[in-house]
Amino acid sequence: MLARNRFLLLVVVGGAALAILSLSLQFLNLIPTTPIVEERPFHAADGGIGVAVGKSRKRVFPQPHTQEPNPIFEAYGYCNIPNRTEQAWEGHSPADYKLLSVHVMIRHGDRYPLYSIPKTKRPAIDCTLSTSRKPSHPLLDSFIHHMGLGGRGHWESPLGSVPRLPSHSACEMGELTQTGVVQHLRNGQLLHHAYKQHSLFPSDWSPRQIWVETTGKSRTLQSGLAFLYGFLPDFDWTKLTVRHQWSTLFCGSACDCPARNRYLEEEQRRQYQLRAADTELERTYMDMARTLGIPTRQLRAANPVDSLLCHLCHGLSFPCVPIGDSGAGGCLTMEQFAVIRRQQLDDEVDRRRAGLYHKYAILAMYPYLNRTAAKMERIAKSSEAGRQPRSAGEEVFTLSSAHDVTVAPLLSALGLEEARFPRFAARIVFELWKSPPAIQGQVKKRSGKGEKSKAKYGETFIRVLYNGEDVTFHTTFCRSHDRHVSQPLCPLKNFLSFVRRDMFSVVNATSYKEACYRRPG
């Protein structure tokens, strides 16, 4: 059984100055569904990480813990190594329901560390792409070729100058690895198979029907392209425009929000105070710094967990330094790594108790959620009987390629605070569905005149999925919805009301403007 754990998270806020927040890694326990094959890490004789294969079951509801979680095993789930069978529940609906649109938010795939540990060798990882190196994918070779034709596409500045493929034999800091590319080729292919029978858009799709956006980092751009290629192999570059989001919050022109920044600062203080009070963590950092022969504060600044996770995910031994005259030297250990991970779990418990991050997340992700809600409402209205559709079609597929600091607050804003922290190549999917027209006598007597008319022509519903699991009825806006046979999905109106009014109750406001600009106290 998978248990909860948490990992360090950086949150970047919009505006000219970007503030950084470290958050803990979180994992969701999921109810049994389909058996999957899962690789389990073990300590190899050379100090590296080996993999044992066993069966596991996904779960959707939190389960009580009977023993302390294994932080190393749970960290391995964060790696998301693409060599196991995965069940995707996207595209599932009651019979005769019509899929109207899909909106996807992804985290970039596996990357090289953003930080290096002082006095140690950087992990030896090749970031060029090769079909002869594992992990690979049947689409990898054609993907590489197709990216070479990218000059035919349309790119918002500055994306045209960002490389479309990782290309360094010695990875650069933060560069997408081949593992990261393969993760998203798999993601896109999963959704391709999930939606192919739904005829989401025709083979001669128009540029208006697909919206792709990304931040300016090469790892998000390349992840988005890999996902899109898996989803729509050999897509027509001339129809594609890739749009730039300058903020990791995807807040567009609505990024200014003073209250959001205040909640972030308060959350940072809470997290710092909790870490400072953890004597075992402090001793561990002192031991690690002594091994490396550097001051403890220098080690903390290097965020060693980022590099250690890279070693773990790629099966590499933890870094070592030669033993010198001063007595410094040796290797960093799994035990030290486990202490850092344990503290992150403690931090997550305290984070939920304090509630500051949830308030931050509500204000951080409102612009993205409001944009998504507006698209869904527009598509729902255009599907109503008697309406004349646009000549070029509606925007039926949206792909936003982002970071952990985007996906994590989105999960929290939706009320999915128990959800796993976004692993590499995590995905959140919003689906818009329309029910079949009700036959005579099926319309509920208690329905009003407007509701009876909608039921006659079919109503619209939303599904929310996280890494292939349906979490719709765990969201704030559908948690208390009364499901029944005649209406097994969550009404779109619940989501629209949540985004436009209800979500702000957490910060004692009724609108985004009021929540952002009201003076504290």
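On a predicted model such as this, the values are computed, not experimentally measured, just so you know.

## A short note on unusual backbone geometry
- Note that the residue after K134, namely P135, is joined by a cis bond; omega there is -5°.
- With a phi close to 55°, D234 is a non-glycine residue in the positive phi region.
- Topologically, D234 is positioned in the loop between α4 (218–231) and β8 (241–244).
- For N508, which is not a glycine, the phi torsion comes out positive at approximately 55°.

## Digging into the pattern of salt bridges
- Taken as a whole and assessed by the stated rule, the structure comprises 24 salt bridges.
- With a shortest N-O distance of 3.1 Å, R270 and D347 are connected by a salt bridge. Of this pair, R270 sits in helix α5 (residues 258–276) while D347 is found in helix α9 (residues 334–354), placing the two residues 77 residues apart along the sequence. Note on accessibility: R270 and D347 belong to one class, buried.
- Between R300 and E282 there is a salt bridge whose closest N-O contact spans 2.3 Å. Here R300 is found in helix α7 (residues 296–301), whereas its partner E282 is found in helix α6 (residues 279–292), with 18 residues between them in sequence.

## Observations regarding the packing of α6 against α9
- Contact geometry of α6 with α9 gives a least axis separation of 10 Å together with a crossing angle of 145°. For the pair α6 and α9, the crossing hand works out as left-handed. Where α6 approaches α9, its residues E280, L281, T284, Y285, D287 and M288 are matched on the opposing element by Q336, V339, I340, R342 and Q343.
- Across the contact of α6 with α9, the residue classes tally to five nonpolar, three polar and three charged.

## Remarks on empty space enclosed by the protein
- By the definition in use, this model includes six cavities of 30 Å³ or more.
- There is about 80 Å³ of room inside the second largest cavity.
- Together, N80, I81, P82, R84, E86, Q183, R186, N187 and R423 line the second largest cavity.
- In terms of residue class, the lining of the second largest cavity is built from two nonpolar, three polar and four charged.

## Here's the deal with the packing of aromatic side chains
- Counted under the stated rule, the structure contains 19 aromatic pairs.
- Their ring planes at 50° and their centres at 4.9 Å tell us that Y78 and F424 sit as a pair that is tilted. Of this pair, Y78 sits in helix α1 (residues 71–79) while F424 sits in the loop between α11 (404–413) and β12 (427–434), placing them 346 residues apart in sequence. Taken as a pair, Y78 and F424 share a single burial class, namely buried.
- Ring centres of Y195 and F231 lie 6.5 Å apart, and the angle between their planes is 80°; on these two criteria the pair is classed as edge-to-face. Taken as a pair, Y195 in helix α3 (residues 178–195) and F231 in helix α4 lie far apart in primary sequence, 36 residues in all. You'll find Y195 and F231 in the same group, each marked buried.
- Three or more aromatic residues joined by ring pairs make a cluster, and in this case those are Y195, F201, W205, F227, F231 and F397.
- In this structure, K239 is placed above the aromatic ring of W205, and the distance from its NZ or CZ to the ring centre is 5.1 Å.
- The ring of W211 carries R243 above its face, with NZ or CZ at 3.9 Å from the centroid.

## Notes on the state of the cysteines
- Following the criterion strictly, the structure yields six disulfides and no others.
- Disulfide partner of C127: C171, at an S-S distance of 1.9 Å. Torsion about the S-S bond of the C127 and C171 cystine: about 100°, corresponding to right-handed handedness. Pair noted here: C127 is in the loop between β5 (98–107) and α2 (140–147) and C171 is in the loop between β6 (154–155) and α3, with a separation of 44 residues, a long-range link.
- For C127, a relative accessible area of 0% gives the class buried.
- A disulfide bridge connects C257 with C516, and the sulfur atoms are separated by 2.0 Å. Judged by the torsion about the S-S bond (-95°), the C257/C516 disulfide is left-handed. One end of the pair, C257, is in the loop between β8 and α5; the other, C516, is in helix α14 (residues 512–517), and 259 residues separate them in sequence. In terms of burial, C257 and C516 fall into one category: buried.
- Cysteines bonded in the protein chain are numbered consecutively along the chain; their disulfide partners then correspond to 1-7, 2-3, 4-5, 6-12, 8-9, 10-11.
- The thiol of C310 is unpaired, and the distance to the nearest cysteine sulfur, on C313, comes to 7.0 Å.

## Quick notes on the nonpolar core
- Within the largest apolar cluster, 87 residues are counted, with the highest numbers of intra-cluster contacts made by L363, L369, F430, F495 and F504.
- For this core, the leading source of residues is helix α10 (residues 356–382), giving 15 residues.
- Two domains share this core, each providing at least three of its residues, namely domain 1 (81–250 + 358–434) and domain 2 (259–353).
- Of all hydrophobic cores here, the second largest spans 44 residues; its members include L200, F397, L399 and F461.

## Some remarks on the pairing of β5
- Counting buried positions over the ten residues of β5 gives nine, a clear majority of the element.
- Across eight bridges, the pairing between β5 and β12 is antiparallel. Directly across from S101, in β12, lies its bridge partner L432.
- Alignment of β5 against strand β11 (residues 397–402), held across six bridges, turns out to be parallel. When the bridges of β11 are listed, R107 appears paired with A402.

Definitions and limits used
- Residues numbered from 1 in each chain as written.
- Predicted model: local features only at pLDDT ≥ 70, side-chain atom pairs only at ≥ 80, totals over all residues.
- Heavy atoms only, no water.
- Helix = DSSP H or I, 4+ residues; strand = E, 2+ residues; numbered from the N terminus.
- Salt bridge = Lys/Arg side-chain N within 4 Å of Asp/Glu carboxyl O.
- Buried < 20%, exposed > 50% of the residue type's maximum accessible area, 1.4 Å probe, protein only.
- Axes fitted to C-alpha atoms, helices over the stretch in contact; angles between N-to-C directions.
- Left-handed = near helix turned anticlockwise from the far one by under 90°.
- Contact = heavy atoms within 4.5 Å.
- Nonpolar A, V, L, I, M, F, W, Y, C, P; charged D, E, K, R; others polar.
- 1 Å grid on protein atoms, 1.4 Å probe; cavity = no way out; pocket = protein on both sides within 12 Å on 5 of 7 lines; lining within 4 Å.
- Points joined across faces, edges and corners; volume = space filled by probe spheres on them.
- Phe/Tyr/Trp six-rings, centres within 6.5 Å; stacked < 30°, edge-to-face > 60°.
- Lys NZ or Arg CZ within 6 Å of the ring centre and 35° of its normal.
- Disulfide = S-S within 2.5 Å.
- Core = buried A, V, L, I, M, F, W, Y, C linked by side-chain atoms within 4.5 Å.
- Domains from an automatic or database assignment.
- Pairing = 2+ DSSP bridges.

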